[in-house]
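Each chain, written out:
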Amino acid sequence: MKKILLKLSGEALAGDKKTGFDEDTIRKVAFQVKQLVEDGIQVGIVIGGGNFWRGRSSENIDRTKADQIGMLATVMNCIYTSEIFRSAGMKTEILTPFECSSFTKLFSKDRADKYFSQGKVVFFAGGTGHPYFSTDTGVVLRAVEVEAEVILLAKAVDGVYDDDPRKNPNAKKYKEVTIDEVIAKNLQVVDMTASILARDNKMPMWVFGLNEENSIVNTVKGNFDGTKVTV
Ligand code: UDP
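Residues numbered from 1 in each chain as written. Predicted model: local features only at pLDDT ≥ 70, side-chain atom pairs only at ≥ 80, totals over all residues. Heavy atoms only, no water.

### So, the packing of helix H2 (residues 23-38) against helix H3 (residues 63-87)
Each pair of packed helices can be described by the angle between their axes along with the distance between the axes. Put simply, the test is: Lines fitted to C-alpha atoms define the axes, with helix axes restricted to the stretch in contact, and inter-axis angles between N-to-C directions lie between 0 and 180 degrees. Helix and strand assignments follow DSSP, with helices taken as H or I runs no shorter than four residues and strands as E runs no shorter than two, numbered in order from the N terminus. To sort the angles, those under 35 degrees are grouped as roughly parallel, those over 145 as roughly antiparallel, those from 65 to 115 as roughly perpendicular, and the leftovers as oblique. Handedness of a crossing is defined here by the sense of rotation of the near helix relative to the far one, left-handed for an anticlockwise turn of less than a right angle and right-handed for a clockwise turn. Pairs of residues are marked as contacts when any of their non-hydrogen atoms sit within 4.5 Å. Residue type decides the class: Asp, Glu, Lys and Arg count as charged, Ala, Val, Leu, Ile, Met, Phe, Trp, Tyr, Cys and Pro as nonpolar, and the leftover types, Gly among them, as polar.
In the contact formed by H2 and H3, the axes pass within 9 Å of each other and the chain directions differ by 55°. With respect to H3, the axis of H2 lies oblique. The two elements H2 and H3 meet at a crossing, and its hand is right-handed. Each of Glu-23, Ile-26, Arg-27, Val-29, Ala-30 and Val-33 in H2 lies in contact with H3, whose residues at this interface are Tyr-80, Thr-81, Ile-84, Phe-85 and Ser-87. Class assignment for the residues of the contact of H2 with H3 results in 7 nonpolar, 2 polar and 2 charged.

### As for the side chain of Ser-195
Filter applied, for reference: Burial classes follow relative accessibility: with a 1.4 Å probe on protein chains only, a residue under 20% of its type's maximum area counts as buried, one over 50% as exposed, and anything between as partly exposed.
With respect to the helices and strands, the residue Ser-195 is situated in helix H7 (residues 192-200). For Ser-195, a relative accessible area of 2% translates into the label buried. Apart from the residues within four sequence positions on either side, Ser-195 is in contact with Ile-179, Val-182, Ile-183 and Val-190.

### Observations concerning the nonpolar core
Under the convention used in this document: Among buried residues, the Ala, Val, Leu, Ile, Met, Phe, Trp, Tyr and Cys ones that are joined through side-chain atoms within 4.5 Å form a nonpolar core.
Grouped together as the largest cluster of nonpolar side chains are 33 residues, with contacts concentrated most on Leu-6, Leu-8, Val-33, Ile-45, Phe-85 and Leu-152. At 5 residues, the largest contribution of residues to this core is made by H2. Leaving out residues up to four positions away in the same chain, Ile-45 has contacts with Leu-6, Leu-8, Val-33, Phe-85, Val-121, Val-122, Phe-123 and Phe-124. Listed in part, the 31 residues of the second largest apolar core include Val-46, Phe-107, Ala-143 and Met-203.

### Digging into the UniProt feature "binding site: UMP" (unreviewed entry) in the protein
What counts here: UniProt positions are given in the numbering used here, feature names are shortened, and annotations may be inferred rather than shown by experiment.
What UniProt calls "binding site: UMP" (unreviewed entry) maps, in this numbering, to Gly-49, Asp-67, Thr-128, Gly-129, His-130, Pro-131, Tyr-132, Phe-133, Ser-134 and Thr-135. The greatest C-alpha distance among the annotated residues, which extend across 87 residues, is 14.2 Å, indicating that they converge on a single site. The topology assignment puts Thr-128 in the loop between strand E5 (121-124) and helix H5 (135-145). Once residues lying within four places of it in the same chain are set aside, the contact partners of Thr-128 are Pro-97, Phe-133, Ser-134, Thr-137, Gly-138 and Leu-141. Positionally, Pro-131 belongs in the loop between E5 and H5. Setting aside chain neighbours within four positions, we find Pro-131 in contact with Thr-64, Asp-67 and Met-71.

### Thoughts on the packing of aromatic side chains
For clarity, the cut-off: Two rings from Phe, Tyr or Trp (for Trp, the six-membered ring) form a pair when their centres are within 6.5 Å of each other. A pair whose planes differ by under 30 degrees is stacked, one over 60 is edge-to-face, and the rest are tilted. Note on criteria: charge over ring means Lys NZ or Arg CZ within 6 Å of the ring centre, with the direction from the centre no more than 35 degrees off the ring normal.
For the structure shown, the criterion picks out 6 aromatic pairs. Ring geometry for Phe-85 versus Phe-123: centroids 5.3 Å apart, planes at 65°, classification edge-to-face. Pair noted here: Phe-85 is in helix H3 and Phe-123 is in strand E5, with a separation of 38 residues, a long-range link. Here the two residues Phe-85 and Phe-123 agree in accessibility, since each one is buried. Ring geometry for Phe-116 against Phe-124: centres 6.2 Å apart, planes inclined by 50°, an arrangement best described as tilted. Take Phe-116: its relative accessible area is 2%, and that puts it in the buried class. The ring of Phe-107 has Arg-142 lying over it, and the distance from NZ or CZ to the ring centre is 3.7 Å. Sitting above the plane of the Tyr-174 ring, Lys-172 keeps its charged end 5.0 Å from the centroid.

Below, the structure is given as structure tokens:
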């Protein structure tokens, strides 16, 4: 494996607190990503914003503005996580699809490639830069652009199930499922826009539980216990 994109939800960053940052959780991620980087794997990171804000749940303000706040929430998450990664001994850069002055650098494929080749972890903050999209779509878009081999989706639930395992104890976990089945059955791996983009550009996604010990490293090293979404 040479290049991967890892997607963390905003809630994952918050740990049990559900909002804001949980340093312990992020340090565990940092420790694992460091092992991958030391093995020569290029790692890009996309983080959601749900620990602060979601555009679609704000009823009284214009959706475009609400989504802008959401995109800025993802920038905050990336700045925080990037600093934890740096304190763990990694080199990082944050790219955004819009200017944030000196806080981040403007995304371009060439810039991302340059940082990857320097052994840096590249954070893709700000989603797609457009309202009415999500960081699910952002991660698929960036993965396709930077030619990652696979997207790792680290989630609260440890794979893709045929029903909600938190409500139905008999729900069955898929070992493998095609993106066409995900779309046809609306299996909630990523949102529908992102699913279609992954299908059209043949970008596989591996879903696993973030909270299981060492799950990111295990997934990359082939000791995988989640669900592979094939394309
Ligand atoms: N967002 C956006 N465009 C993007 C990515 C994110 O407008 O390309 C906004 C949107 O308001 C979203 C919020 O940022 O609700 C947080 O992103 P995330 O993907 O975590 O959203 P979720 O799917 O949880 O709403």
